[in-house]
Amino acid sequence: VSNPPEDELVDIASGRRDFLKLTLAAAVIVTSAAVGSFLRFLRFIPSPTISGTAEVNANLVHLSWPRIKLVNAKTLIPLQPVNFNYPLVNTPNTLVKLGAKADDGIGPDGDIVAYSSICQHLGCYFAFQSAGSTPLCDPSYKVPTAEGYCCCHGGEYDLQHGGKVIGGPPPRAVPRVFLEYDNSTGDIYATGMSGPTIFGHGPPGTTDPASVLSYDLQGGEIVTSATVFSE
Ligand code: FES
């Protein structure tokens, strides 16, 4: 068998090279088109809707609870509430030394608690009432134990036992402010809040503090030591 002439061998090799170049160019074009389409597709994916805790975590900005010094335990007078803003400048709370050990109470006597002052019924601000006192809006009623009393529709919260509802229409306990007590100085700090949410805006069943925060702090002004007691 005779070998093809040298000219023919050169033509075959050069033809193969051209074919490979063409194949490569086609592959590059197809890949670029695919990447372009994918990017265009990503751009047109609709924003996910918020319907549950997992999606909330994925879609909302991560925020941290501020840690703010409130008062020194030695300056507190039993049953005299201290009002402060937390975690936003326009979300009031009440700290009080109840004079009797409380669930989740802090301080040397375990009787200092703090709760949101925003009623979980329709958002009125409620007031602290000591046992036997009379709400301004209802002179005929003497509250039996120290509690939070809402004058809008008579909502009552037991601040000694987790802020649970003990009267009126509120659908859930009032959120608690997490307090930290410094044994060596007596200083008390606010470090977070319990769920479900401060305004009841979160999705049903949200109790994870991070989700609560993500819901309630969007667009709000987070309190600082300069604004914690401002009006
Ligand atoms: S808003 Fe407080 S009881 Fe209705």
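Residues numbered from 1 in each chain as written. Predicted model: local features only at pLDDT ≥ 70, side-chain atom pairs only at ≥ 80, totals over all residues. Heavy atoms only, no water.

Asker: Could you give me a rundown of the packing of aromatic side chains, with the residues and numbers involved?
Answerer: The final tally for this structure, using the stated rule, is 3 aromatic pairs. Plain terms: the ring middles of Trp-65 and Tyr-86 are 6.3 Å apart, the flat faces sit at 10° to each other, and that makes the pair stacked. In this pair, Trp-65 sits in the loop between helix 2 (53-59) and strand 1 (68-72) while Tyr-86 sits in the loop between strand 2 (82-85) and strand 3 (92-97), placing the two residues 21 residues apart along the sequence. When its relative accessible area of 0% is taken as the criterion, Tyr-86 is described as buried. (Phe/Tyr/Trp six-rings, centres within 6.5 Å; stacked < 30°, edge-to-face > 60°. Helix = DSSP H or I, 4+ residues; strand = E, 2+ residues; numbered from the N terminus. Buried < 20%, exposed > 50% of the residue type's maximum accessible area, 1.4 Å probe, protein only.)

Asker: Let's hear about unusual backbone geometry: which residues, and what values?
Answerer: For the peptide bond that leads from Tyr-86 to Pro-87, omega is -5°, which places it in the cis range. Positionally, Pro-87 belongs in the loop between strand 2 and strand 3. Of note, the phi angle at Leu-79 is positive, near 65°, even though the residue is not glycine. Looking at the secondary structure, you find Leu-79 in the loop between strand 1 and strand 2. The exposure class assigned to Leu-79 is partly exposed, which follows from its relative accessible area of 35%. One non-glycine residue, Asp-104, lies in positive phi territory at about 65°. Along the chain, the position of Asp-104 falls in the loop between strand 3 and strand 4 (112-116). Residue classification places Asp-104 among the partly exposed residues on the basis of a relative accessible area of 47%.

By themselves, these are just geometric observations and shouldn't be taken as functional.
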